[in-house]
Amino acid sequence: MNFTNFGRYILLLKSVFRRPEKLKIYLKEIAKQMDYVGVGSLGLIAIISTFIGAVMTLQIAFQLVSDFIPKTIIGSVNRDSSILELSPTISAIVLAGKIGSAISSEIGSMRVTEQIDALEIMGINAPGYLILPKIISGITMVPMLVIISMFLSISGGYIGGSISGAVTPAEYIQGITTDFNPYTITVALVKAFVFGFIITSVPAYEGFYVRGGALEVSQASTRAVVISCISILACDYIVTQLLL
């Protein structure tokens, strides 16, 4: 059954990336989806990233019990953890819950009310018109949100360390600027690109093939979030294994 679903998912993507009929309509929808995915999620990502950075600094300082290890290492560990893992993965899981459920519910509601059938009768490529703008917005806006999340997470660590006294501002800044490897940002952005694709395409698939009524739409929405989160964690491992 899972192979059947995967096959239908691939075939749906094939329909999604078919050449669009009217590019102008797609551009308007892409701009709308970018606003929803990017600007609409900015506040949530900002709050979560700042607090995660602050908590990480306190936890690293708590575990750093040896007097022989300089406190500057707190900044270095927080920086690398935020860039490589926390910002891309935590942001993606949060967005899967917020955006994924909305996409699945929206397309699923259109399916059960026969709006998708009406589009297909009119000769419109329904998968492309409904799903392609969402996927494009996901693969462009999620990496941008992850970049903002990295900055805020590291800044949150600075604020948390300064307020608690776990590390001085000078030591923290020295830590985040010492031995920085720019390649880690490349890895994080590759993850963000993959996660953005998953967050938008998997819920769209679940919504597009829903059958029944309101109950089935809600079940598809829940299923979409669960499958998206599992896929994000699996791809996180695969990308990390391939690039690091």
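Residues numbered from 1 in each chain as written. Predicted model: local features only at pLDDT ≥ 70, side-chain atom pairs only at ≥ 80, totals over all residues. Heavy atoms only, no water.

## Concerning the side chain of Lys-134
Working step 1: Note on placement: Lys-134 falls in helix α5 (residues 126-164).
Working step 2: Excluding anything up to four places from it in sequence, Lys-134 contacts Gln-33, Ile-103, Glu-106, Ile-107 and Thr-200. (Helix = DSSP H or I, 4+ residues; strand = E, 2+ residues; numbered from the N terminus. Contact = heavy atoms within 4.5 Å.)

## Thoughts on the nonpolar core
Working step 1: Core analysis: the biggest nonpolar cluster contains 48 residues, and Leu-95, Ile-107, Ile-116, Ile-131, Ile-199, Phe-208 and Ile-232 have the highest contact counts within it.
Working step 2: Elements with a minimum of two residues in this core: α1 (2-16), α2 (23-63), α3 (72-112), α4 (115-121), α5, α7 (183-208) and α8 (214-243).
Working step 3: By residue number, the principal contributor to this core is α5, which donates 11 residues.
Working step 4: Setting aside its immediate chain neighbours within four residues, Ile-131 contacts Leu-12, Val-16, Ile-107, Ala-126, Ala-204 and Phe-208. (Core = buried A, V, L, I, M, F, W, Y, C linked by side-chain atoms within 4.5 Å. Buried < 20%, exposed > 50% of the residue type's maximum accessible area, 1.4 Å probe, protein only.)

## What to know about the environment of Ala-46
Working step 1: Position of Ala-46 relative to the elements: it lies in helix α2.
Working step 2: Relative accessible area serves as the criterion here: at 23%, Ala-46 is assigned to the partly exposed category.
Working step 3: Spatially, the C-alpha atom of Ala-46 lies 6.4 Å from that of Ser-149, the residues being 103 residues apart in sequence.

## Considerations on the UniProt feature "transmembrane region" (unreviewed entry) in the chain
Working step 1: The feature "transmembrane region" (unreviewed entry), as given by UniProt, occupies residues 36-62, 135-159 and 180-200 in the numbering adopted here.
Working step 2: Its end C-alpha atoms 35 Å apart, residues 135-159 is made of 100% helix and 0% strand.
Working step 3: Along residues 180-200, the helical share is 86% and the strand share 0%, with 32 Å between the first and last C-alpha atoms. (UniProt positions renumbered as here; feature names shortened; annotations may be inferred.)

## Concerning a nonpolar patch on the surface
Working step 1: On the surface, Tyr-158, Ile-159, Ile-163 and Ile-173 cluster together to form a nonpolar patch covering roughly 390 Å² of accessible area.
Working step 2: Looking at which element gives the most residues to the nonpolar patch, the answer is α5, with three residues.
Working step 3: Judged by its relative accessible area of 40%, Ile-173 falls in the partly exposed class. (Patch = residues over 30% accessible without salt bridge, like charges linked within 9 Å, V, L, I, M, F, W, Y side chains within 5 Å. Areas by Shrake-Rupley, 256 points an atom, 1.4 Å probe, with all protein chains shown as cover. Salt bridge = Lys/Arg side-chain N within 4 Å of Asp/Glu carboxyl O.)

## Some remarks on unusual backbone geometry
Working step 1: Even without being a glycine, Glu-114 presents a positive backbone phi close to 65°.
Working step 2: Structurally, Glu-114 is set in the loop between α3 and α4.

## Regarding the pattern of salt bridges
Working step 1: One pass over the structure, following the stated rule, counts six salt bridges.
Working step 2: In this structure, Lys-191 engages Asp-236 in a salt bridge whose closest nitrogen and oxygen atoms are separated by 2.8 Å. Taken as a pair, Lys-191 in helix α7 and Asp-236 in helix α8 lie far apart in primary sequence, 45 residues in all. Asp-236 carries the same exposure label as Lys-191, and that label is buried.
Working step 3: Residues joined by salt bridges that share partners form a network here, namely Glu-85, Lys-191 and Asp-236.

## Observations regarding the packing of aromatic side chains
Working step 1: A complete count under the given rule lists six aromatic pairs for this structure.
Working step 2: Ring centres of Tyr-9 and Tyr-205 lie 5.9 Å apart, and the angle between their planes is 90°; this geometry places the pair in the edge-to-face category. With Tyr-9 in helix α1 and Tyr-205 in helix α7, this pair connects stretches of sequence that are 196 residues apart. When sorted by exposure, Tyr-9 lands in the same class as Tyr-205, which is buried.
Working step 3: Their ring planes at 85° and their centres at 5.4 Å tell us that Phe-208 and Tyr-209 sit as a pair that is edge-to-face. (Phe/Tyr/Trp six-rings, centres within 6.5 Å; stacked < 30°, edge-to-face > 60°.)

## A word on the packing of α3 against α7
Working step 1: The N-to-C vectors of α3 and α7 enclose an angle of 20°; their axes lie 7 Å apart at closest approach. On the basis of the axis angle, α3 is roughly parallel to α7. Here α3 runs over α7; the crossing is right-handed.
Working step 2: Residues of the contact of α3 with α7, tallied by class, amount to 17 nonpolar, seven polar and four charged. (Axes fitted to C-alpha atoms, helices over the stretch in contact; angles between N-to-C directions. Parallel < 35°, antiparallel > 145°, perpendicular 65-115°, else oblique. Left-handed = near helix turned anticlockwise from the far one by under 90°. Nonpolar A, V, L, I, M, F, W, Y, C, P; charged D, E, K, R; others polar.)

## A few points about α1
Since the α-helix advances by 3.6 residues per turn, residues separated by three or four positions end up pointing in the same direction.
Working step 1: Taking 1.5 Å as the rise per residue, α1 with 15 residues should run 21 Å; its terminal C-alpha atoms sit 21 Å apart, in good agreement.
Working step 2: Turning to α1, its buried residues are Tyr-9, Leu-12, Leu-13, Ser-15 and Val-16. Within α1, the buried residues cover an arc of 155° as seen down the axis, which keeps them to one side. Turned more than 90 degrees off the buried face of α1, the exposed positions are Phe-3, Leu-11 and Lys-14.
Working step 3: Buried residues in α1 make contact with α5 and α7. (Expected span 1.5 Å × (residues − 1). Arc of directions from axis to C-beta.)

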